[in-house]
Amino acid sequence: MTDRLAGKTAYITGAGSGIGEATALRFGAEGANVVVTDLNGDAAASVADRIVAAGGAAISHRVDVTVPDDHAAVVAAALRSYGRIDVLHNNAGIVENSIDTTVVDTPDSAWRTAFEVDLLGVVNGTRVVLPEMVRTGGGSVINTASAAPFNGNTTMAAYGSVKGAVIALTRYVATSHGRHNIRCNAIAPGLVLSPGALEVFPVPGLLDAIAKHQTVPGFCAPDDVAHLAVFLGSDESRFISGQTHIIDSGLMAMGAAVP
Ligand code: NAD
């Protein structure tokens, strides 16, 4: 299938690297007008250039998801270029792995960073885009959450807790705006071999240890998550809303099977 997103405009945050980058490229290939944004404006510009070089349509902006005015500025630019926003992918996120450990040891600063980037960053983008989707008759909001809140862990307490809140927020948006033909779904990845993850998890042997608990061999690449985002952004998923879609190589299924 091609052109699954033809005629749609998609605003993607954290699209300069990893899952967001792969999603932006995939959206461009499927015919969307892509609004590529990232805290790293040069990275966003480079991704937009690649979409255009491949024959697609894209603009780029530097957006810090914690700054409401950044979202407002990019939405205004997107409307000037394309007239509407059909898909919002709240994808930007960080984990301060070196200091975000247990509930006791994680410092206040790491809790605040997780809250501001991983939760308020999603709220900020959603609040600016939803009125535009209402105005134009609907849309699809996709939030990149994480499988962490389902699994629990001995580390990343702040990140996992806040990603759990993103899953709850997803249901709130789905219920409050469903009558406007707006859907909202979360993607909950397990380990995805993105540049960000490889930086955070350089521990030798960790991949082998995780792999032993997966049902499906191998780890997701960012592009595997991008395929799911294309489905959730397209009309193929038009009756799917308020759900969290786990993509974890079957890790959770295996966990349930281990006594
Ligand atoms: P990545 O580090 O490769 O890419 C994240 C991008 O977000 C970077 O380009 C970075 O510049 C940008 N970013 C960071 N802070 C930002 C901010 N304040 N405003 C705007 N952009 C900002 O990471 P990734 O693995 O592709 O992560 C993407 C999303 O997937 C994140 O929300 C992450 O929590 C989530 N996730 C990743 C994994 C994984 O294993 N890779 C697993 C579960 C969830």
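This text follows the structure it describes.
These numbers were taken from a predicted model, which means no experiment stands behind them. (Residues numbered from 1 in each chain as written. Predicted model: local features only at pLDDT ≥ 70, side-chain atom pairs only at ≥ 80, totals over all residues.)

### Observations regarding the site of the ligand
Reasoning step 1: Surrounding the ligand, one finds 31 residues, the nearest of these being G14, G18, G93, S194 and G196.
Reasoning step 2: Elements represented by at least two residues in the shell around the ligand include exactly α1 (18–29), α4 (108–136) and α7 (195–200).
Reasoning step 3: For the shell around the ligand, the per-class residue count stands at 14 nonpolar, 15 polar and 2 charged. (Near = placed C-beta within 6 Å. Helix = DSSP H or I, 4+ residues; strand = E, 2+ residues; numbered from the N terminus. Nonpolar A, V, L, I, M, F, W, Y, C, P; charged D, E, K, R; others polar.)

### Considering the environment of V65
Reasoning step 1: Tracing the backbone through its elements, the reader meets V65 in the loop between β3 (57–62) and α3 (68–82).
Reasoning step 2: When the 26 C-beta atoms within 10 Å are taken as the criterion, V65 is described as buried.
Reasoning step 3: Along the chain, V65 and N91 lie 26 residues apart, while their C-alpha atoms are 9.6 Å from each other.
Reasoning step 4: With residues up to four places along the chain from it excluded, the contact list for V65 reads T13, A92, V117, G121, N124 and G125. (Buried ≥ 20, exposed ≤ 12 C-beta atoms within 10 Å, placed from the backbone. Contact = placed C-beta atoms within 7 Å.)

### Quick word on the sheet that holds β3
Reasoning step 1: Spatial ordering of the open sheet is given by β3-β2-β1-β4-β5-β6-β7, a layout of 7 strands whose pairing is parallel. Every other strand in the sheet has two partners, leaving β3 and β7 (244–247) as the edge strands with one partner each. Across the sheet, the mean angle separating the axes of adjacent strands is 15° when strand polarity is ignored.
Reasoning step 2: Pairing analysis gives 6 bridges linking strand β5 (residues 139–144) to strand β6 (residues 182–189), with the strands arranged parallel. (Pairing = 2+ DSSP bridges. Axes fitted to C-alpha atoms, helices over the stretch in contact; angles between N-to-C directions.)

### Some words on unusual backbone geometry
Reasoning step 1: Despite not being glycine, D3 has its phi angle at roughly 55°, a positive value.
Reasoning step 2: Phi is positive for S249, close to 55°, though the residue is something other than glycine.
Reasoning step 3: Along the polypeptide, S249 turns up in the loop between β7 and α10 (251–257).

### Side note on the environment of G138
Reasoning step 1: Secondary-structure assignment places G138 in the loop between α4 and β5.
Reasoning step 2: A tally of 15 C-beta atoms within 10 Å means that G138 is categorised as partly exposed.
Reasoning step 3: Once the C-alpha coordinates of G138 and G178 are considered, the two residues, 40 residues apart in sequence, prove to be 8.7 Å apart.
Reasoning step 4: Beyond its immediate sequence surroundings of up to four residues, G138 is in contact with M133, H180, N181 and I182.

### Some thoughts on helix α2 (residues 41–53)
Reasoning step 1: Its 13 residues give α2 an end-to-end C-alpha distance of 18 Å, which sits within 8% of 18 Å, the value for a rise of 1.5 Å per residue.
Reasoning step 2: Taken as a whole, α2 has its buried residues at A44, V47, A48 and I51. Take α2 and look down its axis: the buried residues cluster within an arc of 100°, on one side only. Residues of α2 that are exposed and angled more than 90 degrees away from the buried face: D42 and A53.
Reasoning step 3: Contacts made by the buried residues of α2 are with α1, β2 (33–38) and β3.
Reasoning step 4: Note on α2: the residue one or two positions beyond its end, G55, has a positive phi of about 100°. (Expected span 1.5 Å × (residues − 1). Arc of directions from axis to C-beta.)

### Some points on the nonpolar core
Reasoning step 1: Residues A10, Y11, A24, V34, V35, V36 and V225 are the most contacted members of the largest nonpolar core, which totals 68 residues.
Reasoning step 2: The element best represented in this core is α4, accounting for 9 residues.
Reasoning step 3: Once residues lying within four places of it in the same chain are set aside, the contact partners of A10 are L5, F27, A32, V34, V35, D86, V87, H89 and G233. (Core = buried A, V, L, I, M, F, W, Y, C linked by C-beta atoms within 7 Å.)

### Things to note about the packing of α3 against α4
Reasoning step 1: Contact geometry for α3 and α4: axes closest at 8 Å, N-to-C directions at 35°. The element α3 and its partner α4 pack so that their crossing is right-handed. On the side of α3, the interface is formed by P68, H71, A72, V75 and L79, while α4 contributes N124, G125, V128, V129 and E132.
Reasoning step 2: Among the residues forming the contact of α3 with α4, the class breakdown is 6 nonpolar, 3 polar and 1 charged. (Left-handed = near helix turned anticlockwise from the far one by under 90°.)

### Quick word on the environment of A168
Reasoning step 1: Looking at where A168 falls in the secondary structure, it is placed in helix α6 (residues 157–177).
Reasoning step 2: By C-beta crowding, A168 is classed as partly exposed, having 13 other C-beta atoms within 10 Å.
Reasoning step 3: As a C-alpha pair, A168 and T244 span 76 residues in sequence and 9.5 Å in three-dimensional space.

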